[in-house]
Amino acid sequence: MSTTSKPKHIGRNISRIRELRGMKQEALAQAIGTNQQAISGIEGSEEIDEKKLANIAEALGVTVEAIKSFSEENVFNYFNTFNESVTGSFITNNSCNFNPLDKVVELYERLVQAEKDKNEYLEKLYKGK
């Protein structure tokens, strides 16, 4: 029984990251200055030269290391390392620019005021009869 691990298939990793990013082969090809057929060939290759891999990583908004060590289990960790300045990126800045508790209090106060208004209206209707 052999304990050697099978090498990672870099092309498959590129394909999976590209798909998760919602990017078509044509878009990746355009980003690195090649054609769709070349991307298809790259995604079918187990090994890719470092310079080309660096260009692809930049276009995908990930690090070269993220491509090399990509796994389905760690996909969320890798998404957190994506470069947010990539055009068409679906990643947004998740920091709040307001206090969520203030919004809850504001909503509660509006609901209380609406109930008070409703009570006043019902009292007027009741006294009017």
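Residues numbered from 1 in each chain as written. Predicted model: local features only at pLDDT ≥ 70, side-chain atom pairs only at ≥ 80, totals over all residues. Heavy atoms only, no water.

## Describing the side chain of His 9
What counts here: A run of H or I in DSSP becomes a helix once it reaches four residues, and a run of E becomes a strand once it reaches two; helices and strands are each numbered from the N terminus. Working definition: with a 1.4 Å probe on protein chains only, accessible area under 20% of the residue-type maximum means buried, over 50% means exposed, and in between means partly exposed. Residue contacts follow a heavy-atom distance rule, with two residues in contact if any of their heavy atoms lie within 4.5 Å.
Position of His 9 among the secondary structure elements: in the segment before α1 (10-20). In this structure His 9 comes out as buried when scored by relative accessible area, which is 13%. Every residue in contact with His 9, bar those within four places of it in the chain, is listed here: Glu 43, Gly 44, Ser 45 and Glu 46.

## Regarding the nonpolar core
We count it as follows: Note on terminology: a nonpolar core comprises buried Ala, Val, Leu, Ile, Met, Phe, Trp, Tyr and Cys residues joined through side-chain atoms within 4.5 Å.
Residues Ile 14, Leu 28, Ile 56, Leu 60, Val 62 and Ile 67 are the most contacted members of the largest nonpolar core, which totals 18 residues. When residues of this core are traced back to their parent elements, those giving at least two are α1, α2 (25-32), α3 (36-43), α4 (50-60) and α5 (64-68). Among the elements that line this core, the one with the most residues is α4, at five residues. Here Ile 67 is in contact with Ile 10, Asn 13, Ile 14, Ile 17, Leu 53, Ile 56, Ala 57, Leu 60 and Val 62, once residues within four sequence places are set aside.

## Brief notes about α1
Taken together, the buried positions of α1 are occupied by Ile 10, Gly 11, Asn 13, Ile 14, Ser 15, Ile 17 and Arg 18. Those residues of α1 hidden inside the fold are in contact with α2, α3, α4 and α5. Two residues or fewer past α1, Gly 22 is found with a positive phi of approximately 75°.

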